[in-house]
Every structure is written in structure tokens, then in C-alpha cells.
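Notes for the structure review
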Amino acid sequence: MLTNTPRRGPGRAAWCALAALGAACLAGAAWAAPTANEVLRRALDLSAEVNDYTAQVQVRSSFAGAPDEIPTFTVYFKRPDKVSIKSKSLVIVPRDAFTFGNLSKRIEEDAEIILVGTKTVNGVPLYTLKIKPKEQDEQGRVLVTIDGGRWTIQRMEVVEGQQTHLTLDWQHTLVGGRYWMPSIITCRAPNVPRADGGKGAEATITLTGYRVNTGLSDALFQSSGG
Amino acid sequence: MEPVIRTSGLTKRFGKRVAVDGLDLEVGPGEIFGFLGPNGAGKSTTIRLLLGLLRPQGGEAWVLGARLPGERLRVGDRVGAMVESPAFYDYLSGRRNLELLARLSGGCERKRIDETLELVGLSDRQHDRVGGYSHGMRQRLGIAQALLPKPELIILDEPATGLDPQGLVEVRELMRHLRDDENMTIFLSSHLLHEVELICTDVGVVSGGKLIRRGKVADLLARSTAQADVQVDDLSRAVQVAGTLPYVTGTEVRDSWIRVTLSGDLIADLNHDLVGAGLRVSALTPARSSLEEIYLTLMAESGHVGGPTG
Amino acid sequence: MWAALRVEFSKFYRHRATYAGFVLLLGLSGLVVYAAAKDARNHERRAKAEIQRSLGGDFIVSGKIMTAAFVPRAILFAKLPVYVFLAAMVAMAAGGAVATEYSSGTLRTLLCRPVRRTYVVLAKWLVNSTHAVSLTLFLGATGLGIGYIFLGGGDLVWIDMQRGGGFQIVPELEAIRNLTFAYLLQGLSMIAIASIALCMSCAVGRGATAAGITVGFLLLSGMVAVMPFESLEKIQPYLLTTHMAAFEHVLDKAPDWAEIRKAVLWVSGYAATGLLGAIVIMGRREIKC
């Protein structure tokens, strides 16, 4: 017999399923790939706390004309892009190795930032960004790879025209339990002659003995070598 | 005895000019041999040939038994030499020059250098730079360097040139000392004929590269004609009387006296005969020919004129 | 031989004129350092710009470029100080070794002693060779020494304009070692020049003539070495100056050692020929003065 029972809405199970779906959607939204700007911002924020630093540097290089090994020298860095080197020996190093390609300035200059690739290595996402001036075509672009785990900049490729002009690879170390600082920088300049006569010189820059945020004076950067 | 120096047909030409022309010469041990000749006669060239500084084109030369120039080093320090005006390193002291040259002879003791400097009278100036030396002092230093190794033979080219009278006397005494006390043979060329006459035991006269006279000085002088200068009250009569004497070969009137040439040492006879002829002889002086006169006579005979200046 | 050598050394180094060359070279080094110090700022700016240009990017070029080591290298590569100035000094000294003694009569005094002419020549050659090497090393050493006082130490940096404008940076110690080697090799060249001058000295009667002939030969050799005529190019590999120039490449990052070895042999050959010529001529020479 039909009885007039009160009408009930969706069942408990349905509500649970909906809740689960909603939660999944929210979670999905939360884990979606960040935008290029977000990736770059997080990487730059990581070093935002480093106002200046001093480090001891050693360079081994295969640049034609340069010595194989340069005796240890001191590098001074101050935000945003001041670099000074105090060395008895002549030192030739790419400025971008210490300024991370001066990315902050590039962004300020209204650069176009495009996420061109993402891959996961050992469970850590690696984001590759292309940064180029908005007003220009593909000339003078920079490709930057950022570690999505630590938000450190891992690699930078400076491309001019159709050719890679300079490639920089950074390995980082945690200084004072707080700052991720470059420990080894590998620079490859495919067009620079090597000592053995070929092309494609390489330099390995090793940084140790960091002293961070000691309040370096601007005067230190006024002499040559910066 | 083996001659100290011997040349046989020694010949040296410079281009077409014959400087030494088949020279035959012997110098015995213990002689002080004077080598005379006019300019360009070949004296210096002969000396250079004897020292191996020049190579002969013909003939042979031996010094102390060593044939030149090939065996020059065999005689080593047994020969000391000074050729022409002695040349030294002007920026070094006299003593330093001697020390350096002594080293080339295997070195010698300081004492020997002292002795040699003393011998030539340069002890006081030995530490002065040679650049400040007078010609005479250089000459003395030249002799000193030749004497350094105590040689058996010294060859000196014009050793008396530039010396003052005192220096000439000293060199004369030095030569005699070297011969008598050091038993050295000395071969020297000089244009100071009077000095040669006083120093040398033997002379050789060279002309046109050839030896034209060789002998002992004493013999040359003895063989020369004796002369006498006579002062008398009547010169014309004295000439007349002398002309009648058999041993008088010539007379020559000079101012207030006459020179009478005799055929021998007959001066006493001349005096006797003149007095016997009633002439009053107030002075009679023997006037033998000097080496210079003999030399000039030889040069005249060989067709050369002028003195032995080179 | 030992006695002749001692005598020659003693005579040579007691002569004040021997030191005139050293004084002149000191002046030359001083002049180069003065010019380098005056021009240091501009030079460094130009050099750094050139390095940056050759690398083609934003590179930091830091450190001193105008250093003490730059001076001896500049002297060596300027050619005139070595090929003319130093060579003339060596030629004058060696050219006078026999000829001046001949004309003054001291050679006669020497040869009246029991000494072999060969030994006299060998002793003179050794003395003049030592002098030649001493002058060469002195030039480099004073350049470096005065450079240290006024420019300070540091790596040797130069822009190689002759070979496409590349740059070379040689660490200080390595630079000094290479420079010493380069100067030693040029010392060998100077021995060859001294040998030729000595040979001429045995053949002529005046020191200045012997020196003049030697320097003339060197200049002629230098001119022929750079003339772009096919007929002359054939003889260029045999010229002294050609091989002297090869010694400069000791300072290269990767020197062509085979070329340098060949140059050493050629220059040694010139030296040996000069010495042999001197011995033969002296042995036959007649001492008329």
C-alpha cells in the first residue's frame, strides 16, 4: 500500500558524494599549475631577504686566453644588481652568474613571461619560463628553469637571435639555515673560444664562506670590477 | 852554440812591397844585438815575424830552436817582447796590466811583479791608471812586461824611445844587468845609435829588407879609420907636411884645426913627424869614427840617405 | 784557456764602458714603466673593453691589467728595444773585442804572450756571450723590477691584436717563468749577434765598423723577413730575425714548441758559424798594428 511519506531530498550518500566532489574540485584548484608570473615571483621572493652578501670564489675555466684556475678572490653583491670583485688576478666572469640574469629588472622593464614547460624530476616540478621584452620578437630572450620545490633558479639560457649565447647552471646551498645561496655556478658560452682552439668555453665558479646581510656600503661598488 | 835567433831567407811582402827580403841572420846567446836600419828597412816586420805576429811568405825563422810561426807557443815564456810603442789597457793601473799579462804566461808571484816594477822604476806609480802615464813611463812598463816571466830572450823594438836622459842611462844599465846577471840575450832595434854603441855587443844593419852588415860593435869600430884633430900654428904648412906622410890618407881643414885621417892607430907618429917638421902642435885629439858615422857610410853605400829612425 | 778567460773577464768588467749599456737599458726600462704608469688607466679601460667585446656579453672583467709583468713583455714585443737597441749594444761590445784591441795595439801585446789565438777568441766570445745574455736578462729584470715598484704585481694580460684581438691572461708566476724563458732565448739571439760581431771584429780594423756591419746585417735580415715578395719569402725561413721572432711565442698559452726548437737550432747555428768564422779569421790574421 502506498503511504504518503514525506519527500526527502537527495540522499546522504548523494550529499557525501557531492561534498567529496566539491572537496576534490577545491583541492584540484589548489594544486593547479601556477602561472609564469607566480613561479618567477616566488623564485625572486626567495632571495628577497638577501640584501647583500660576500663570498670567497674560485674559478676554473677553459676560456681561451684565461688561466685554467684563478686564485681565490672575493665577490661582493648588493641588491638589486651591484657586483664587485676584489682580486689580485684578472677575473672574467659573467655578471648574470651573480645577478641571476637581473630578472627583477627584466620584469620591471615590462617583459613578457611565458611558462613554456613543466616537468617533474624526483617528484619535484621544474618550471621553464621564457622571458622576453614585450615590444620585441624572439631576439634577446631568456629561458629560466625554476625548482618548484625550493623555488631556486636552477638554470638560465640567454638566447640572442637563433643562438644560445650563455648558459648558467646554479647549485644551491642553505646558508645559516635560512638563505638558499649559489654554491656552484657553471657557465657555458658556446661562442667563446676555448683554450684548446675549439669553441664553447666553460667556467665553473665555486662560492664558499658566505656572509649575508652585513650591510655592504655602496662605495664598495663604485670602483672598477663591478 | 845554437843561435838564439836564426833566420834563413826570411821574406815578407805586403802586396808588391817587399818588407823583408831573404833575411839571413843569427843572434847568439848572451848577445845584446842592435838591429839598425832606416825607416821601412824591415826592422819591425822582422821582429813581428820573430814573434809569430806575421807569417812569412818565404824562408824560415827559429827562435830558441822553435820554428816560427807554427811553434811559437813551444818557446812559451822563454821570449819576452815589446813591439813598437807599448800598448796597454789605459783604464787599468800599470800593476793591473802586468798582472793580467802575467796570467797569460801562467801567472807569476806578486814578488816578481814588484821586482820588475822596481827594475824599471815604476814602483811609485804602479797603481796609477796607465792612461795617465807619460810616453816614457809606458816605455818602462813595456820593458817590465817583457821581463815579467824572466825570459831567456828579450826582443825590444825601440826601447829607448821617449826616455829622458836619466831613463836612457837606466835602460842602458838595465840591459847590461840583464845580460850579465840574468844571462839574457837581448835583441833590440833602436834609432839612438849612440845608445846602441854603448849598449850593444853586436849589431846588424838592415836596408831594403836585407842585412847589409853584421858584426861585433868593437870590431866595427876597430876596423874603422882612425882620425885625429890637430891644432897647429900654421895650418897650410901642416896640411902640406901631412900630405907627404905615407900613413896619412886625407886631411881636411876646419876653422882653426885640421882633421887628419890615418891608416891605423898612428897618432903618436903623426905628432912626432909634425913636430919634427918644425910645426908647433898645441893640441892633438884622437877622433875615431862613431857607429853613427859607420852607419851613415853604410847607408850611403847601399844607396839610402837619412837616419835609422824606424 | 782558463787564464785567457780570466784575463778577458777581468778586462771586460773593469772597463767602465761595459756598464754604459746597463745604464742605458735601465733608462729604457724606466721609460717604458713611466709610459705604462701614465697610460695605465686608459690602457686598462681599452683592454677590458676589448676583452668584453671578444667575449661578446656582459662579463665582469676585474683586476689589474697594467702590471709589472706587462713591462718586460711590452719591451720584448715592441721589437725595437731588442732588435735594434739591445742588438746594437751587444754588437758594439763584441765588435770592439778584437778590432779595438787590434787598432790600439793591445792585441799585439796579448799575442806576444804564449797564448793560443783560438783561446783568445774563445775567451772573448764567452765574455761577450755572457755580456749579451746579462744585458738581455737585465733589460727584462729591470723592466719587471721597476714595474713592480710603480705598477705592482699581478697577472700578465695582453690583447693580441696581431691574431684577431684575442686576449691572454697568464698567472703572475707562470708569466715570470715564461718571460724569463723568453728573455733567455732572446739572450741566445744576442749570443748569435755577438758571434757575428766578433767574427767581423776579427776581420776589420775598427770596432765601429764591425758593429756597423753586424747591425746592418740584422736590419737587412729584419727587412727581408717582412717583405711580401715571393722571391724573398724563399729565404725568410733562413733569416736570423725570423727565428728571433719565434722566441716571442714562448709566451703563448700553447706555444708551438717544434717551431721554437727549430728557432733555437737556427740561432745556435748562427752563433756557432760566427764563432767558427772568428776563430778561422783570427788564426790567419796578421798583426800589423
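Some words on the sheet that holds strand E10 (residues 210-216) of chain B
Residues and elements named next belong to chain B. As summarised here, the arrangement of the 6 strands in space is E6-E7-E8-E3-E9-E10, forming an open sheet in which the pairing is mixed. Where the open sheet ends on each side, the last strands, each with one partner, are strand E6 (79-82) and E10. For this sheet, the mean inter-axis angle between neighbouring strands, taken without regard to orientation, is 15°. The sheet contact formed by E6 and strand E7 (residues 153-157) spans 4 bridges and is parallel. Bridge assignment links valine 79 to a residue of E7, and that residue is leucine 153. Taken strand by strand, helix H1 (residues 43-50) contacts strand E3 (32-36), E7, strand E8 (185-189) and strand E9 (202-207), and its axis lies near 145° from that of E7.

Digging into the confidence of the model for chain C
Mean pLDDT over chain C stands at 89; residues scoring 70 or higher make up 98%. Ranking the helices and strands of chain C by mean pLDDT puts helix H6 (residues 117-150) of chain C first, with 95, and strand E3 (residues 166-170) of chain C last, with 78.

Section: helix H9 (residues 235-244) of chain B
Residues and elements named next belong to chain B. Taken together, the buried positions of H9 are Ala238, Val241 and Ala242. With its buried residues spanning 100° around the axis, H9 presents them on a single face. In H9, the exposed residues that point more than 90 degrees away from the buried face are Ser236, Gln240, Gly243 and Thr244. Looking at the buried positions of H9, the neighbouring elements they touch are strand E11 (226-232), strand E12 (248-254), strand E13 (257-262) and helix H10 (267-276).

Considering the interface of chain A and chain C
Across the contact, 22 residues belong to chain A and 22 residues belong to chain C. Both faces combined, the contact of chain A with chain C buries some 2000 Å², and carbon together with sulfur accounts for 61% of it. For the chain A face of the interface with chain C, the top three residues by lost area are A:Gly65, A:Leu90 and A:Ile92, together amounting to 31%. Between the two partners, chain A and chain C, sit 1 salt bridge. Measuring nitrogen to oxygen at the nearest pair gives 3.2 Å for the salt bridge that ties C:Glu172 to A:Lys88. Of all the secondary-structure elements, those providing two or more residues to the side of chain A that touches chain C are strand E3 (82-86) and strand E4 (91-94) of chain A. Among the residues forming the side of chain A that touches chain C, the class breakdown is 13 nonpolar, 6 polar and 3 charged.

Thoughts on helix H4 (residues 110-119) of chain B
All names here are of chain B. Every buried residue of H4 is accounted for by Arg112, Ile113, Thr116 and Leu117. Down the axis of H4, the buried set is contained in an arc of 135°. They therefore lie on one face. Pointing more than 90 degrees away from the buried face of H4 are the exposed residues Arg110, Lys111 and Glu118. Buried-residue contacts for H4 involve helix H3 (94-104) and helix H5 (135-147).

So, the packing of helix H2 (residues 17-55) of chain C against helix H3 (residues 70-77) of chain C
Residue and element names in this part refer to chain C. Following both chains from N to C, one finds H2 and H3 inclined at 110°, their axes separated by 10 Å at the closest point. As far as their axial angle goes, H3 and H2 are roughly perpendicular. Residues Ser29, Val32, Val33 and His43 of H2 form the contact with H3, whose own contacting residues are Phe70, Val71 and Ile75.

Re the packing of aromatic side chains
In total, this model carries 15 aromatic pairs over all chains according to the counting rule given. Their ring planes at 25° and their centres at 5.2 Å tell us that A:Tyr53 and A:Phe77 sit as a pair that is stacked. Taken together, the residues span a long stretch of sequence, with A:Tyr53 in strand E1 (residues 52-61) and A:Phe77 in strand E2 (residues 69-78) at a distance of 24 residues. An aromatic cluster is defined as three or more aromatic residues linked by ring pairs; in this entry it consists of A:Tyr53, A:Phe77 and A:Tyr210. Lying over the aromatic face of C:Tyr119, C:Arg116 brings its terminal NZ or CZ to 5.9 Å of the ring centre. Across the ring face of C:Tyr102, the terminal group of C:Arg285 is positioned such that the distance to the ring centre comes to 3.8 Å.

Remarks on the environment of B:Glu252
Residue and element names in this part refer to chain B. In this fold, glutamate 252 is placed in strand E12. It is 8.1 Å that separates the C-alpha atoms of glutamate 252 and valine 239, two residues lying 13 residues apart in sequence. Residue contacts for glutamate 252: discarding those within four places in its chain leaves Trp257, Ile258 and Arg259. Of note is the side chain of glutamate 252, whose polar atom sits 3.0 Å from the side chain of arginine 254.

Some thoughts on the interface of chain C and chain B
Counting residues at the interface gives 29 residues for chain C, matched by 31 residues for chain B. If you sort the residues of chain C by the area they bury against chain B, C:Arg108, C:Arg113 and C:Pro114 come out on top, with a joint share of 26%. Inspection of the region where chain C meets chain B yields 1 salt bridge. When the shortest N-O distance is used, the salt bridge between B:Lys12 and C:Glu286 registers 2.6 Å. Our count for the contact surface shared by chain C and chain B stands at 16 residue pairs in polar contact (both at pLDDT 80 or more). Listed by contribution, the elements that provide at least two residues to the side of chain C that touches chain B are helix H1 (2-14), helix H4 (80-104), helix H5 (106-111) and helix H11 (257-284) of chain C. Among the elements that line the side of chain C that touches chain B, the one with the most residues is H1(C), at 7 residues. Residue composition of the side of chain C that touches chain B, by class: 10 nonpolar, 7 polar and 12 charged.

Observations regarding the side chain of C:Gln186
Looking at the secondary structure, you find C:Gln186 in helix H7 (residues 172-203). Excluding residues within four positions of it along the chain, C:Gln186 makes contact with C:Leu76, C:Val82, C:Tyr83, C:Thr136, C:Met244, C:Phe247 and C:Glu248.

Points about the sheet that holds E11(B)
Residues and elements named next belong to chain B. If you walk across this open sheet you meet the 4 strands as E12-E13-E11-E14, and the pairing is antiparallel. Every other strand in the sheet has two partners, leaving E12 and strand E14 (281-286) as the edge strands with one partner each. Adjacent strand axes in the sheet meet at a mean angle of 20°, parallel and antiparallel pairs treated alike. Note that E12 and E13 share 6 bridges and pair antiparallel. Its bridge partner being in E13, valine 253 is matched across the sheet by isoleucine 258. Lying on the sheet, H10 is in contact with E11, E12, E13 and E14; it crosses E14 at an angle near 165°.

Let's talk about a nonpolar patch on the surface
All names here are of chain C. The grouping of Leu219, Leu220, Met223, Met227 and Phe229 at the surface amounts to a nonpolar patch, some 470 Å² of accessible area in total. By secondary structure assignment, the location of leucine 219 is in helix H8 (residues 207-226). With a relative accessible area of 42%, leucine 219 lands in the partly exposed category.

Looking at the arrangement of the chains
In this assembly 2 pairs of chains touch, with chains B and C having more contacts than any other pair. Nothing in chain A touches chain B, and the closest approach of their C-alpha atoms is 50 Å.

Re the pairing of E3(A)
On any regular strand, side chains alternate: one points to one face of the sheet, the next to the other face. As defined by bridge partners, E2(A) adjoins E3(A) across 5 bridges and the pair is classed as antiparallel. When the sheet's bridge partners are listed, A:Val75 is paired in E3(A) with A:Ile85.

Section: the pattern of salt bridges
Per the counting criterion, the structure on display carries 35 salt bridges over all chains. The closest approach of N and O atoms between A:Lys132 and A:Glu112, which form a salt bridge, is 3.3 Å. Here A:Lys132, found in strand E6 (residues 124-133), pairs with A:Glu112, found in strand E5 (residues 111-121); they are 20 residues apart in sequence, far enough to count as distant. For A:Lys132, a relative accessible area of 8% translates into the label buried. B:Asp21 is paired through a salt bridge with B:Lys210; the nearest N and O atoms lie 3.6 Å apart. Remark: B:Lys210 occurs in strand E10 and B:Asp21 occurs in strand E2 (residues 17-27); sequence separation between them is 189 residues. Overall, B:Asp21 belongs to the partly exposed group, its relative accessible area being 28%. Its relative accessible area of 43% is what places B:Lys210 among the partly exposed residues. Counted as one network, the salt bridges with shared partners bring together A:Arg155, A:Glu157, A:Asp169, A:Arg188 and A:Glu202.

Here is what the cut-offs are and how they apply
- Residue numbers run consecutively from 1 along every chain, following the written order of its sequence.
- Each chain takes a letter, starting from A, and each ligand takes a number, starting from 1, following the order in which they are written.
- Local features are withheld for residues below a pLDDT of 70 in this predicted model, meaning they are given only at 70 or higher, and side-chain atom pairs are given and counted only at 80 or more; totals for whole chains, interfaces and linings count all residues.
- Side-chain measures were taken over the full set of non-hydrogen atoms in the model, leaving aside hydrogen atoms and water.
- Between any two strands, pairing holds if DSSP finds at least two bridges.
- Working definition: helices are DSSP H or I runs of at least four residues, strands are E runs of at least two. Numbering for both runs from the N terminus.
- Angular values range over 0 to 180 degrees, each being the angle between N-to-C directions of two axes fitted as lines to C-alpha atoms, with helices fitted over their stretch in contact.
- Between two residues, a contact is recorded if the distance between any of their heavy atoms is within 4.5 Å.
- Looking at any residue, its pLDDT shows the predictor's confidence there, from 0 to 100.
- A 1.4 Å probe rolled over the protein chains alone gives each residue an accessible area, and that area as a share of the maximum for its type sets the label: buried under 20%, exposed over 50%, partly exposed in between.
- Each C-beta atom gives one direction from the helix axis, and the arc is the one those directions make.
- Put simply, buried area is the surface a 1.4 Å probe can reach on two separate parts but cannot reach once they are joined, added for both.
- Salt-bridge detection follows one rule: a side-chain nitrogen of Lys or Arg within 4 Å of a carboxyl oxygen of Asp or Glu.
- Amino acids are sorted into nonpolar (Ala, Val, Leu, Ile, Met, Phe, Trp, Tyr, Cys and Pro), charged (Asp, Glu, Lys and Arg) and polar (every other residue, Gly among them).
- Angle categories: roughly parallel below 35 degrees, roughly antiparallel above 145, roughly perpendicular from 65 to 115, and oblique for all the rest.
- Any two rings among Phe, Tyr and Trp, with Trp reduced to its six-membered ring, count as a pair given centres within 6.5 Å; such a pair is stacked if its planes are under 30 degrees apart, edge-to-face if over 60, and tilted if neither.
- Lysine and arginine charges are scored as sitting over a ring when NZ or CZ, respectively, is within 6 Å of the ring centre and within 35 degrees of the ring normal.
- The term polar contact refers here to a pair of N or O atoms within 3.5 Å; inside protein, the definition further demands a hydrogen-donor-capable atom paired with an acceptor-capable atom, and it admits residues adjacent in sequence only when both atoms are side-chain atoms.
- Patches draw on residues past 30% relative accessible area with no salt bridge. Two like charges within 9 Å are joined, as are two nonpolar side chains (Val, Leu, Ile, Met, Phe, Trp, Tyr) within 5 Å.
- Note on areas: Shrake-Rupley, 1.4 Å probe, and residue coverage restricted to the protein chains presented here.

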